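Single-letter residue listing:
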Amino acid sequence: MEQNAAANGQPLSNETEAEERFDVTKQVSYGRLIYLRFLRNHAAVVAAFALVSIYLITLVCPFFAPYDPNTRFLEKVAHPPLLPTFIDADGRFHLRPFVFGTVQSRDPKTMERVYTEDTTQRFPLQLFVRGDEYTFLFWDSDLHLFGAQDSPVFILGTDTQGRDLFSRILFGGRISTTVGLIGVAISLILGIVVGMASGYLGGAVDSIIQRGIEVLLSFPSLPLWMALSLSLPRHWSSIRIFLLITILLSIVGWGGLARVVRGMTLAVKSEEFVLASRMGGGGTWWILIRHILPTNLSYVIVAATLAVPGIILGETALSFLGLGIQPPMISWGVLLQDAQKVSFLSQMPWLIAPAFFIMATVLAFNFIGDGLRDALDPYSNF
Amino acid sequence: MNSPPDTDKVLDIRNLQVSFSSIAGTTRAVNGVSLNVRSGEIVGLVGESGCGKSVTIRSIVGLVPSPPALFEDGEIWLRTRRGMTETLSLYKNMKALRQIRGRDVSMIFQEPMRSVHPMMTIGQQITEGILEHEVVDPAEAYDRTVEMLDLVGLPSPPAQMNRYAHELSGGMRQRALIALALVCHPQLLLADEPTTALDVTIQAQILELIRDLRERMSMSVLLITHNMGVVANLADRISVMYLGRIMETGTVEEIFKEPAHPYTQGLLASMPSLFSQPKTHLQSLRGVVPELAMAPKGCVFADRCPHVMPICDETPPVVELRADHSAACWLYDDVEASQGPDAATAQPSHGGDSTLGDASQRVEVIPLTKTEPAADAAQKKLADSDTDQLQIENVALHYPILRGLLRRQVGTVRAVDGVDLSIRRGETLGLVGESGCGKTSVGRLVTRLVEPSAGRIRFGADGRLEEITHIPQKEMKGVRRSMGMVFQDPLSSLNARMNIRNIVGEPLMLHGMARGSAVDERVGELLEMVGLRAAHQSRFPHAFSGGQRQRIAIARALATEPSFLVADEPVSALDVSVQAQILNLLLTLQQQLNLSMLFIAHDIAVVRHVSDRIAVMYLGKIVELGNAREICVRPVHPYTEALLASIPLPMPGLATLQEMPKGDLPDPANPPTGCRFHTRCPYSQPICEQEEPRLVPFADAVDHFGACHFQDELHLQGVEEIGEIHGSAAAAGGEE
Amino acid sequence: MRTYILQRFIQMIIVMIVVMLVSFIIVELPPGDFLTTLSEQLTEQNVDPKVIDSTVEMYRARYGLGENWFIRFGKWAWSLMKGDMGYSMQHNRPASELMGERLSLTIWISIATLVFMFVVAVPIGMLSAIKQYSAWDHSFTFLALLGVSVPSFITALVFLLLSVTLLGATTVAGLFSPEYVTAEWSWAKFVDMLKHVWIILFIVGLGDTASTIRVMRARMLDTLGEPYIDTARMKGLSGAKIYFRHALRVAINPIISSIGLRFPQIISGSTIVAIVLTLPLIGPLLLDALLGEDVYLACSILVVLTLALVIGNFLADLALAWLDPRIRFES
């Protein structure tokens, strides 16, 4: 799509320069060639950076989140987002962003809570603020990236119980994004093992596995997940539920990956280099591990990248319906539960915010997957 | 210059320049090509892959997508029903261009298998063309289509009308495509490698059809091909193209008898012919076709040319050697004025053998690490141990055809059906046949890459023959240490994810023959043995050209110092000039290492060139077996005769066989009864349908077997006899 | 052709049996004895103990509870095939009665979504391929990627949010205007539904439409690169004839054959969208059944949905065989 200006640029004026570039492509490995091609796709590179940031931030979310996800601000229930600003009520510019204070009142007619900004109160934002205590790995701390003295900062508002939505989204993201990774890892292992066995062994094994996958794929996944989630004991701890949900999602999701791997294995199996390796004395395991797996791997990585969104969305949908992750554990789907009720949504439209985080993550995965697939395309010129 | 050409020209391309812009910059794929086709003429445009001939021919009808193509200069004049028309200027006027396509000029393509629409009937596809250009009612269009199908020789044309592409064989599809192209009676047919994807006997049929239709429909043909042989018996004039430029143009006789340009000379010399001295080095061009962007300045052939001079840094002039013969080469600049030494060496003397004689200095020198076993010693050793290294008896490979949900067996593909062969120590046995005859399966059976359904395979690594038919794979691993194999496709036979050191060193590591730096050392040795640099072992396959990859594959096959090598179509995917290099390398290595070899190929000329004995295979059976030269001089099986006659030889004016084999290769799942060749055999008798002939000795020859009921009565046409009529050109073959 | 249909048919029957088996296992999976749960539930509802006993006894007999698992499976499958979907404990009514209209509406909406997907995606994808790298292509390539990334329940939520904040709606947009919700089926009701249904088709079908655009574009590009398109060009055909008569019929094949995989996704999508928008489809009933641990109802829904899919898949195969001579003549 986008072509690198430098590479596309002028016709080759200098022969040695041209030779050098050709030489570069000759010296590097296949993996590096793919990497170089990937870099040409700007959208995918941006998405990759975005995704790494999302994962890093959600990983150390206690630090990035201004509050503990369960801290309740009882006098700030259902508070709308309060975005930091630089310009005060008199139009003066302040170098340090600040938030205004708010005053709660009730609408005389509907008796709903109304928050009005008190522009006389300014609370400047500060970096590295001491706040709620947390434990990250084995490290106790109360340091947070930002906050304000004497006043809470709700950049995405609070929920019906007065908890900071932004903090909850970061904590929820930790679960949601992890489900995606663990789920795909399980799918991947299942898919690679079953797919390679199916493709390499062929015959009856292949037929049986393929029919099985067909059955699996003919179930509508969401209703199947919903039904399967019934089998999870309600009294289990939320961490066990979390793990089981992840396994459940990947059990339904590995079929597609297994098909990709099988197709690749079949294609590679008839390649002459596999025969050559057998001639050189390579046994089944040697060929599977030295030849078929590495050749498949790049394509499998693409398929896996494109499979992560499915699992993240599966978890989100299940939790959204109340069948997945159970409170007090938080995931993006759990957070969206509140948005399900029309009455809540009409009063607190900001409750939909987690949806945009979900979309951003999924979009990033899709962009990267697309970019990787294009980079692997043997017909793209380099 | 901008005036239309004289009227006897159907096509006149003038100074065509086409560039492509890509990430590597702009490259000029066609660089000043001028070419014309006169009324009723067949012109051949010959060149190796990537030389720009396809772009040239597609530019005529606007089939080159632009962008990325950029038409920088030139004119293409085409005779149409509205008079001479310049087609490059029509690119902006698609409607006018469409009216020309199919009506004034038509085209057939390289891949008949993929060029017929898979979901429309043949009839629909052809009548569509008529209805596009002419106001006729559907019934008439139908009748004309049937007539056309009949003309191109498709059996029972009305039945073909309702058939789909997948019901037709490759040859039949190409016939249907020819019918499609000619149904509106265009004056010019463009043929883009029309026979490359077909088997040799089918290729001969299609070429014959084109020749015949040219007369009947009084049209002209522009045919592009990489195979000099194809144009030798078909074209009136030939243009030779290299890296976007025309190197030489002339009548077919002059090009073949007195090639002027060193590139043409090299191309002709590097083709193994049926007249050359077997097992000698071919005169190969050095190096490989460079990437377009890497082409030398001035004369693009300079870096491979044996006559290169300092002046070659400048673009050579196109010299008119004779009325209809021109070459773009500095050697002939001012021919009459200076009969300098350079010009004299290159100026071909009459007779044709000079091209080979003067080129002897070009014989490729392969750096050898072990020089000890000279040819003498090898010869002696052969005589001493005139024992068999490999014997296969009645070996068969049957695949079940499974259908339905329960995978019931509904038939059997008899890929190999009872083959007996033996290979002596140090001997090369050539196995030749068309696609689907089972020759590749034989190669995989003897190495146990596929399991035989019946029969015995015995192999002797050193001395005694031992049965290996059913030994477990673990033992087989040990046996394979004495076997090597080279595959057809140099692209797919090297794992793109591994570097050369690991590819070539893999057998060494698997057999525990070397470890760590010892592998590097041995791989370096092997690479130098096949003519590559030892330092290149850290590179990856994509950094090498096709010919270099095949060298790497050979190095890997020889890594464990085997005594037996299976070469499965090792040169069929390579350019002509590179093909000769690889054949030379195989011959040298075989003599040096005293290898026994099973050499499998579809081209009987190539097989004859490298083999001591030849086995001809047809539908899973050996139909003839004997000494390589003898088989070609005096074939005993009609199929061998047909194969020999089908090979397009670079010898214009050779008489072709009166009776060519009819039809297509039958389905190996359902082979004909009796003699399997009887459905196509011009000499077929009633007995051939009933009784299957056995492979029996021919007359009183010791080492010549045939499987034909009438082999003692028939006197079949070989090749060397024809060659002798043409005099010294043939016999002088490859004397060193 | 006939063998092909027969083959596919037998395959469909086998898949159906396996689907039922899997569903049955899911029924059996939940911990705790089903009869105990049942009697507890009935006790909670203050049902007469005698009635409880007889109900429990009826279930024991009907489903062969306490017997071998395969006998239980046989009895369950048999009653399912007779159209007996089991009994909803929560609602105290036969499951088939509860599903009734919801089920057929769900299937119809899914089919309509499929049609919507085709009608929208095929032309867009085709045009994107024909005008590769044009502004049209770039914008739809981006929009399609966006569409693929947005799950239908989020689209539904955003739609909900917009209608609440912008239009000031207080109730959810359903399938019908309020006056028709409980009305009998009539032409007027049908017309009313058509007015509402397109937005639902859009929400449910967005993701699949986007991904079909991507597939269509890629397939069309591949097809346009095939040699037989060059053959067609050399006949002098116009662009439209090449695209529609030659390229489209080949390029569209994988989209038809992927119906079998699209349909389950659409059903999944419609399930959750129906829950968000509280539509009278099967989704809310399923959720209800699951949350209320109404095992037989939930599983009957799952089985029926899946069987509908398997049949749809079979029909798609037939359509493909009818369209593509290569498959038609295969066996």
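Residues numbered from 1 in each chain as written. Chains lettered and ligands numbered in written order. Predicted model: local features only at pLDDT ≥ 70, side-chain atom pairs only at ≥ 80, totals over all residues. Heavy atoms only, no water.

Student: I tried to follow unusual backbone geometry on my own but got confused; where do I start?
Tutor: In terms of backbone geometry, most residues other than glycine have negative phi values and most peptide bonds are trans. Residue and element names in this part refer to chain B. Phi angles above zero are rare outside glycine, and H185 is one such case at about 55°. In this structure H185 comes out as partly exposed when scored by relative accessible area, which is 47%. One non-glycine residue, R448, lies in positive phi territory at about 60°. (Buried < 20%, exposed > 50% of the residue type's maximum accessible area, 1.4 Å probe, protein only.)

Student: Please explain the interface of chain A and chain C as it appears in this structure.
Tutor: One widely used convention gives an interface's size as the accessible area the parts lose upon coming together. Contacts between chain A and chain C engage 42 residues on the former and 47 residues on the latter. Of the roughly 4000 Å² buried where chain A meets chain C, counting both sides, 82% is carbon and sulfur surface. When the area that chain A buries against chain C is broken down by residue, the three leading residues are F219, L230 and V342 of chain A, summing to 15%. Linking chain A to chain C there are one salt bridge. Summed over the shared surface of chain A and chain C, the number is four residue pairs in polar contact (both at pLDDT 80 or more). Listing elements by their share of the side of chain A that touches chain C, those giving two or more residues are α7 (203-218), α8 (221-229), α11 (284-320), α13 (342-347) and α14 (353-376) of chain A. With nine residues, the top contributor of residues to the side of chain A that touches chain C is α14 of chain A. Of the residues in the side of chain A that touches chain C, the class split is 29 nonpolar, eight polar and five charged. (Contact = heavy atoms within 4.5 Å. Buried area = accessible area lost by both parts, 1.4 Å probe. Salt bridge = Lys/Arg side-chain N within 4 Å of Asp/Glu carboxyl O. Polar contact = N/O pair within 3.5 Å; in protein donor to acceptor, adjacent residues only side chain to side chain. Helix = DSSP H or I, 4+ residues; strand = E, 2+ residues; numbered from the N terminus. Nonpolar A, V, L, I, M, F, W, Y, C, P; charged D, E, K, R; others polar.)

Student: Explain a negative patch on the surface here, please?
Tutor: All names here are of chain B. Taken together, the side chains of D137, E140, D143, E147 and D150 define an acidic patch exposed on the protein surface. Locating E140 in the fold gives a position in helix α5 (residues 138-151). Residue class for E140 comes out partly exposed when judged on its relative accessible area of 36%. (Patch = residues over 30% accessible without salt bridge, like charges linked within 9 Å, V, L, I, M, F, W, Y side chains within 5 Å. Areas by Shrake-Rupley, 256 points an atom, 1.4 Å probe, with all protein chains shown as cover. Lys, Arg positive; Asp, Glu negative; His and termini not counted. Charge placed at Lys NZ, Arg CZ, Asp CG, Glu CD.)

Student: It is not clear to me how the packing of helix α5 (residues 95-130) of chain C against helix α14 (residues 295-323) of chain C should be interpreted in this structure. Could you clarify?
Tutor: If you want to describe how two helices pack, look at the angle between their axes and the distance between the axes. All names here are of chain C. As a packed pair, α5 and α14 sit with axes 11 Å apart at the nearest point and diverge in direction by 35°. Handedness of the α5/α14 crossing: right-handed. Residues A95, L98, M99, L103, T106 and I107 of α5 lie in contact with α14, whose contacting residues are L297, S300, I301, V304, L305 and A308. Residues that form the contact of α5 with α14 fall into these classes: 10 nonpolar, two polar and no charged. (Axes fitted to C-alpha atoms, helices over the stretch in contact; angles between N-to-C directions. Left-handed = near helix turned anticlockwise from the far one by under 90°.)

Student: Before we go on, may I ask you to explain the sheet that holds strand β18 (residues 483-486) of chain B in this structure?
Tutor: Two orientations exist for strands paired in a sheet by backbone hydrogen bonds: parallel and antiparallel. Residues and elements named next belong to chain B. Sheet architecture is open: eight strands sit in the order β18-β19-β20-β15-β21-β22-β24-β23, paired in mixed fashion. The strands lining the two open edges of the sheet, one partner per strand, are β18 and β23 (696-697). The pairing of strand β22 (residues 621-627) with strand β24 (residues 705-706) spans two bridges and is antiparallel. Bridge assignment links E624 to a residue of β24, and that residue is G706. Lying on the sheet, helix α15 (residues 439-446) is in contact with β15 (428-432), β18, β19 (564-568), β20 (596-601) and β21 (613-618); it crosses β20 at an angle near 150°. (Pairing = 2+ DSSP bridges.)

Student: Whenever I open this one, a nonpolar patch on the surface confuses me. Can you help?
Tutor: Residue and element names in this part refer to chain A. A contiguous nonpolar surface patch, about 470 Å² in accessible area, is contributed by F86, I87, F93 and L95. When residues of the nonpolar patch are traced back to their parent elements, those giving at least two are β1 (85-87) and β2 (93-106). Take I87: it is sitting in strand β1. I87 sits in the partly exposed class, given a relative accessible area of 48%.

Student: Where do I start with the sheet that holds strand β3 (residues 42-46) of chain B in this structure?
Tutor: Residues and elements named next belong to chain B. In spatial order, the strands read β6-β7-β8-β3-β9-β10-β12-β11; together these eight strands make up an open sheet with mixed pairing. Of all the strands in the sheet, just β6 (105-108) and β11 (318-322) have a single pairing partner and so form its edges. On average, each strand axis in the sheet is tilted by 20° relative to the strand beside it, whichever way the strands run.

Student: I'm lost on the confidence of the model for chain C in this one. Help?
Tutor: The predicted coordinates should not be examined in detail at positions where pLDDT is low. Residue and element names in this part refer to chain C. Put simply, chain C has an average pLDDT of 80, and 86% of its residues get 70 or more. Strand β1 (residues 87-88) is the least confidently modelled element of chain C, averaging 68 in pLDDT, while helix α9 (residues 227-234) averages 91, the highest of any element. Interface confidence for the predicted complex, expressed as ipTM, amounts to 0.79; the pTM equals 0.81. (pLDDT = per-residue confidence, 0-100.)

Student: Sorry if this is basic, but what is going on with the packing of aromatic side chains here?
Tutor: All names here are of chain A. By the definition in use, this model includes 21 aromatic pairs over all chains. On the numbers, 6.3 Å between centres and 90° between planes, the contact of Y55 with F365 is edge-to-face. With Y55 in helix α4 (residues 42-59) and F365 in helix α14, this residue pair connects regions lying 310 residues apart in the sequence. By the burial criterion, Y55 is buried, and F365 matches it. Geometrically, the ring pair formed by Y67 and F154 is tilted, given 6.3 Å between the ring centres and 50° between the ring planes. Here the residue Y67 occupies a position in the loop between α5 (61-64) and β1, and F154 occupies one in the loop between β4 (139-148) and α6 (165-201), the gap between them amounting to 87 residues. On the basis of relative accessible area, F154 is assigned to the buried category, the value being 2%. An aromatic cluster is present here, built from F63, F64 and F128 joined pairwise through their rings. (Phe/Tyr/Trp six-rings, centres within 6.5 Å; stacked < 30°, edge-to-face > 60°.)

Student: Before we go on, may I ask you to explain the pattern of salt bridges in this structure?
Tutor: Opposite charge on two side chains permits pairing when their charged atoms draw close. Applying the stated criterion to the full structure yields 50 salt bridges over all chains. The shortest N-O distance in the salt bridge between D206 of chain A and R262 of chain A comes to 2.6 Å. Of this pair, D206 of chain A sits in helix α7 while R262 of chain A is found in helix α9 (residues 238-269), placing the two residues 56 residues apart along the sequence. Per residue, the accessibility class of D206 of chain A equals that of R262 of chain A, and both read buried. Across the pair R58 of chain B and D192 of chain B runs a salt bridge, and its minimum N-O distance is 3.9 Å. One end of the pair, R58 of chain B, is in helix α1 (residues 53-60); the other, D192 of chain B, is in strand β7 (residues 188-192), with 134 residues separating them in the sequence.

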